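Structural characterization, general
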Amino acid sequence: MPFALLLELLNYVGSAAFATAGALTASRKQMDPVGFILIAALTAFGGGSLRDVLLGRPVAWLGSPGPALMVAVVAIAVFFFAHRFERRTVPLLWADAVGMALFAVLGAEAAIGEGASPWAAILLGTITATFGGALRDVVCGEVPLILRKEIYATAAALGAALFVALHMAGVPRDAAVVAGMSAAFALRAAALWRGWSLPAYKARPGRDY
Amino acid sequence: MPFALLLELLNYVGSAAFATAGALTASRKQMDPVGFILIAALTAFGGGSLRDVLLGRPVAWLGSPGPALMVAVVAIAVFFFAHRFERRTVPLLWADAVGMALFAVLGAEAAIGEGASPWAAILLGTITATFGGALRDVVCGEVPLILRKEIYATAAALGAALFVALHMAGVPRDAAVVAGMSAAFALRAAALWRGWSLPAYKARPGRDY
Amino acid sequence: MPFALLLELLNYVGSAAFATAGALTASRKQMDPVGFILIAALTAFGGGSLRDVLLGRPVAWLGSPGPALMVAVVAIAVFFFAHRFERRTVPLLWADAVGMALFAVLGAEAAIGEGASPWAAILLGTITATFGGALRDVVCGEVPLILRKEIYATAAALGAALFVALHMAGVPRDAAVVAGMSAAFALRAAALWRGWSLPAYKARPGRDY
């Protein structure tokens, strides 16, 4: 089944990118190898685990050895070769965007499959794509992802919303997945390429409420 | 069934207050609209989600579109009108107290319904009422709610404990709910009105242990 | 059944040590008594709750009144007598090491019992032993446990890995538990005694990636 295989492949690409981003954060914090593995796992599995837990089902990474082993290998590789990554964060950002787009759409689909309402499905897809990175930043004491000015959660929300809308309009599943992923990836790519950001709320100075 | 309807209404009032508090935190952090929605949802759904997850059941907000839609509407409204809220935090604090009192009692009741022990039920009620705000503060990099000197978690614990005690004494459910909510609300109101706080632990200067 | 009784006893020793460590953190933050109880419960129950939630089963502390009551008693005792603990953190560290070693092995065993793969079981055992302390630090705004230079998560990972390896080699359960716990405790003890730490990643100065 080629499409399912493609999604499986993209899942590994995205998970590896998330694990690499987690391990690079661990390198900035000068952790030991076990710390690299824990933070890589937190980043790669955090969003999907929260999705499964909120849906009341056991988490996906427990059953099969592949993903947990891959995360450990990635973390150890980054521990020894992080210096080489310094000039290569751009490919990492694109691989991360693939993971974000995929996880947003598959998160929304999982929620619909468990009977969630459309609004809740969009919210859950966005959470699946962003919570791993948010957890990583909180545990490592960095400025959380969601506070940064670039478009990230917005791209995930767009992809999840488009998938849900097409699904409700009766579009076949594979086409809806491709459309949702493409929209999320395109918006994120535009943000990376052009430095786009959404208009943010401007606080007036000197007020505290 | 008028009492159930009243609780449903209070649930919306409290959730809207929690969502507003979350969106106002997002405004202080100058987030974009999607950030407003995510932080509002985290604050409004965080405590109840943790309650449901700890009890091993799917979370309540997934099934019905009402709450998730309301949170999104509140967050967007705050994005455009947050300036108007500056002088109106006092009504917000009172609506928040309604939500806290309700969630503490209903959290304890849900725990008892799943066979929890009385102590665990009081703890779970307190968590339900306070965890959303704690998550919001941690993700936004603010001083967590629980570190502030005012009475908040204590009022939730009092309401949950009174409800559990009355329930075990055989008091009818509706009366126990009203008594627990009233106690939690009254203590929180006194704290807001009089600036009450519990005696806190005083560290001796110059020690680090 | 003496071995089960011994594990139950060690479980209380370890939980009490975790609760004490949580309450001492609350004392550093000068919280009120309810804050002491909440942070003590977070530290003592956080790791095991995450384990149960990830495995898709209700959390262990809900059903029986013993652990929740013990945590509350410990927290209140620390509130009144924390000054006496100042010179007694060394016994606390050893009791904490007992809890860490036990929770790492029992967490890995619970994961295997639910059909997790070996790698996932090691990861879950490590999480069970360390997540309560990480949550405590994040909620209290301290430098998270995992960022500190001493061996802690590594000892938990070693114990979980040894238990999983022995279990897969067909070693009887009680012997595998004793071996895993002993390895985790011994490594942690060596780290406490000798100030050992793993080689950490050295960032080159002046780079930001």
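Cut-off values and rules
- Residues numbered from 1 in each chain as written.
- Chains lettered and ligands numbered in written order.
- Predicted model: local features only at pLDDT ≥ 70, side-chain atom pairs only at ≥ 80, totals over all residues.
- Heavy atoms only, no water.
- UniProt positions renumbered as here; feature names shortened; annotations may be inferred.
- Least-squares fit on C-alpha atoms with pLDDT ≥ 70 in both.
- Contact = heavy atoms within 4.5 Å.
- Helix = DSSP H or I, 4+ residues; strand = E, 2+ residues; numbered from the N terminus.
- Buried area = accessible area lost by both parts, 1.4 Å probe.
- Salt bridge = Lys/Arg side-chain N within 4 Å of Asp/Glu carboxyl O.
- Polar contact = N/O pair within 3.5 Å; in protein donor to acceptor, adjacent residues only side chain to side chain.
- Nonpolar A, V, L, I, M, F, W, Y, C, P; charged D, E, K, R; others polar.
- Buried < 20%, exposed > 50% of the residue type's maximum accessible area, 1.4 Å probe, protein only.
- Axes fitted to C-alpha atoms, helices over the stretch in contact; angles between N-to-C directions.
- Parallel < 35°, antiparallel > 145°, perpendicular 65-115°, else oblique.
- Left-handed = near helix turned anticlockwise from the far one by under 90°.
- Patch = residues over 30% accessible without salt bridge, like charges linked within 9 Å, V, L, I, M, F, W, Y side chains within 5 Å.
- Areas by Shrake-Rupley, 256 points an atom, 1.4 Å probe, with all protein chains shown as cover.

Looking at an unreviewed UniProt entry, one finds chain A named Trimeric intracellular cation channel family protein, with Teichococcus globiformis as its source organism. According to UniProt, the comment filed for chain A under the heading Subcellular location (unreviewed entry) is "Cell membrane". If you open the UniProt record of chain A and go to Sequence similarities (unreviewed entry), you find "Belongs to the UPF0126 family."

What to know about the relation of the copies chain B and chain A
Each of the two chain copies can be brought onto the other by rotation about an axis and movement along it. The operation relating chain B to chain A is a screw motion whose rotation component is 120 degrees, with 0.0 Å of axial translation and a residual RMSD of 0.0 Å. What we have between these two chains is a three-fold relation. By residue overlap, the copies meet through two different surfaces: only 6% of the interface positions of chain B are interface positions in chain A.

Here we look at the relation of the copies chain C and chain B
If you rotate chain C by 120 degrees and push it 0.0 Å along the axis, it lands on chain B with an RMSD of 0.0 Å. Interface overlap between copies: only 6% of the residues of chain C at the interface are likewise at the interface in chain B, consistent with a contact formed by different surfaces.

Considerations on the UniProt feature "transmembrane region" (unreviewed entry) in chain A
Residues and elements named next belong to chain A. If you check UniProt for "transmembrane region" (unreviewed entry), the listed places come out as residues 6-26, 33-50, 62-81, 93-113, 119-139, 151-169 and 175-196 in our numbering. Split by type, residues 33-50 is 100% helix and 0% strand. Its first and last C-alpha atoms lie 25 Å apart. Secondary structure within residues 93-113 divides into 100% helix and 0% strand; the distance between the first and last C-alpha atoms comes to 30 Å.

Topic: the interface of chain C and chain B
The interface is formed by 34 residues belonging to chain C together with 29 residues belonging to chain B. For the pair chain C and chain B, the summed buried area comes to about 3,000 Å², and 71% of that belongs to carbon and sulfur atoms. The tally of links between chain C and chain B comes to zero salt bridges. Here chain C and chain B share two residue pairs in polar contact (both at pLDDT 80 or more) between them. If you list the elements that add at least two residues to the side of chain C that touches chain B, you get helix H1 (2-28), helix H2 (33-54), helix H3 (65-85) and helix H5 (118-139) of chain C. Per-element accounting of the side of chain C that touches chain B gives the leading share, nine residues, to H2(C). For the side of chain C that touches chain B, a count of residues per class yields 22 nonpolar, seven polar and five charged.

Observations concerning the pattern of salt bridges
Residues and elements named next belong to chain A. In this structure the tally under the stated criterion is 18 salt bridges over all chains. Put simply, aspartate 174 and arginine 173 hold a salt bridge, and the shortest N to O gap is 3.5 Å. Take aspartate 174: its relative accessible area is 34%, and that puts it in the partly exposed class. Under the relative-accessibility criterion, arginine 173 is labelled partly exposed at 37%. The network of salt bridges with shared partners includes Arg51, Asp52, Arg57 and Glu114.

Regarding the packing of helix H5 (residues 118-139) of chain A against helix H6 (residues 153-168) of chain A
Residues and elements named next belong to chain A. Put simply, H5 and H6 touch, their axes get as near as 8 Å, and they point 140 degrees apart. In terms of orientation, H5 lies oblique with respect to H6. With respect to the hand of their crossing, H5 and H6 are arranged in right-handed fashion. Facing H5, whose interface residues are Pro118, Ala121, Ile122, Gly125, Thr126, Ala129 and Thr130, H6 presents Ala153, Ala156, Ala157, Ala160, Ala161, Val164 and Met168. A breakdown of the residues in the contact of H5 with H6 according to their chemical character gives eleven nonpolar, three polar and no charged.

Things to note about a nonpolar patch on the surface
On the surface, A:Leu6, A:Leu9 and A:Val13 cluster together into a nonpolar patch covering about 240 Å² of accessible area. Residue position: A:Leu6 is located in helix H1 (residues 2-28).

Structural notes on the side chain of B:Thr128
Take B:Thr128: it is sitting in helix H5 (residues 118-139). Not counting residues up to four positions away in its chain, the partners in contact with B:Thr128 are B:Gly47, B:Gly48, B:Arg51, B:Phe103 and B:Gly107.

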